[in-house]
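Listed here are the chains, written in short residue letters.
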Amino acid sequence: MKKKYQRLPDSELDIMLALWQGNSKMSRSEIENIVNVKKVLAPTTILSLLSRLEKKKFVDVTKQGKMNLYSPLISKIEYQHNESESVLEKLYGNSLKNFVASLYQGKTINPEEIKELNDYIQGLSDQEG
């Protein structure tokens, strides 16, 4: 059975995105350098967010001398998959067609993206056949 993850608030997700793009184990200051490109967070705020993520079992903490090193326990792909399933289930009744239709109605899909989606679906059909 697949493990379900709770949805992360944006601030915690920003920390996870930094961890996913960084080294396997990162210090608070390395995480801060990545996060602060997008928005500035105080070191104490980053430490609080890392502590929450550790309690939620998203992050592992190891001591190296006086410094803590943080590493993700959940991969970006796992989290994306979980979030995609959750959104599809909750908002679109597990209908991929309704999801794509809502994107199209919002004018966020252009003709090139429609072709790309069509090619992708055709590739999936070819794999099954």
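Quick summary incoming for the structure in this document. Model, not experiment: these values are computed from the prediction.

## Considering the overall build of the chain
Inference 1: From N to C terminus, the chain includes 6 helices and 2 strands.
Inference 2: Sequence-ordered secondary structure for the chain, helices as α and strands as β, is α-α-α-β-β-α-α-α.
Inference 3: For a compact globule of 129 residues, the expected C-alpha radius of gyration is about 14 Å, and the chain comes in at 19 Å, more than 25% above that figure.
Inference 4: Every one of the 129 residues in the chain was classed for burial, and the buried ones make up 25%.
Inference 5: Considering only residue pairs separated by 6 or more positions, the chain has 52% of its internal contacts joining residues 24 or more positions apart.
Inference 6: Within the structure as shown, the chain displays about 9300 Å² of accessible surface, and the carbon and sulfur contribution to it stands at 54%.
Inference 7: The positive charge centre, built from 19 side chains, and the negative charge centre, built from 17, are 9 Å apart in the chain.

## Quick look at the pairing of strand β2 (residues 67–72)
Inference 1: By the bridge criterion, 6 bridges tie strand β1 (residues 59–64) to β2 in an arrangement that is antiparallel. Its bridge partner lying in β2, V59 is registered against P72.
Inference 2: In this antiparallel pair of consecutive strands, β1 and β2, the connection spans 2 residues, and G65 shows a positive phi of 65°.

## Some words on helix α4 (residues 76–92)
Inference 1: In this model α4 runs 23 Å from its N-terminal to its C-terminal C-alpha over 17 residues, within 8% of the 24 Å that 1.5 Å per residue would give.
Inference 2: Inspection of α4 places Y79, N82, E83, S86 and L88 among the buried residues, and these make up the whole buried set.
Inference 3: Taken together, the buried residues of α4 touch α1 (10–21) and α5 (96–105).
Inference 4: Where α4 ends, the next residue or the one after it, G93, has phi of about 55°, a positive value.

## Looking at the nonpolar core
Inference 1: Membership of the largest hydrophobic core comes to 20 residues, with the highest contact counts inside it found for I15, M16, L19, I31 and F58.
Inference 2: Those elements that place two or more of their residues in this core are α1, α2 (28–38) and α3 (43–55).
Inference 3: Here this core gets 5 residues from one element, more than from any other, and that element is α1.
Inference 4: Apart from the residues within four sequence positions on either side, M16 is in contact with L8, L53, F58, V59, P72 and I74.

## Looking at the pattern of salt bridges
Between side chains of opposite charge, a pair can form as their charged atoms come close.
Inference 1: Under the counting rule described, the total for this entry stands at 7 salt bridges.
Inference 2: Here R7 ties to E83 by a salt bridge, and the two come within 2.9 Å at their closest N and O atoms. Note that R7 is positioned in the segment before α1 and E83 in helix α4, a separation of 76 residues in sequence.
Inference 3: Since its relative accessible area comes to 60%, R7 is described here as exposed.

## Topic: α3
Inference 1: Look at α3: 19 Å from first C-alpha to last across 13 residues, which is about the 18 Å you get at 1.5 Å a residue.
Inference 2: All of the buried residues in α3 are I46, L49, L50 and L53. Taken end-on, α3 shows its buried residues confined to a sector of 100°, consistent with a single buried face. In α3, those exposed residues whose orientation departs by more than 90 degrees from the buried face are T44 and K55.
Inference 3: Those residues of α3 that are buried are in contact with α1, α2, β1 and β2.
Inference 4: Phi turns positive, to about 65°, at K57, one or two residues after α3.

Procedures and definitions
Residues numbered from 1 in each chain as written. Predicted model: local features only at pLDDT ≥ 70, side-chain atom pairs only at ≥ 80, totals over all residues. Heavy atoms only, no water. Helix = DSSP H or I, 4+ residues; strand = E, 2+ residues; numbered from the N terminus. Rg over C-alpha atoms; globule rule 2.2 N^0.38 Å. Buried < 20%, exposed > 50% of the residue type's maximum accessible area, 1.4 Å probe, protein only. Contact = heavy atoms within 4.5 Å. Areas by Shrake-Rupley, 256 points an atom, 1.4 Å probe, with all protein chains shown as cover. Lys, Arg positive; Asp, Glu negative; His and termini not counted. Charge placed at Lys NZ, Arg CZ, Asp CG, Glu CD. Pairing = 2+ DSSP bridges. Expected span 1.5 Å × (residues − 1). Core = buried A, V, L, I, M, F, W, Y, C linked by side-chain atoms within 4.5 Å. Salt bridge = Lys/Arg side-chain N within 4 Å of Asp/Glu carboxyl O. Arc of directions from axis to C-beta.

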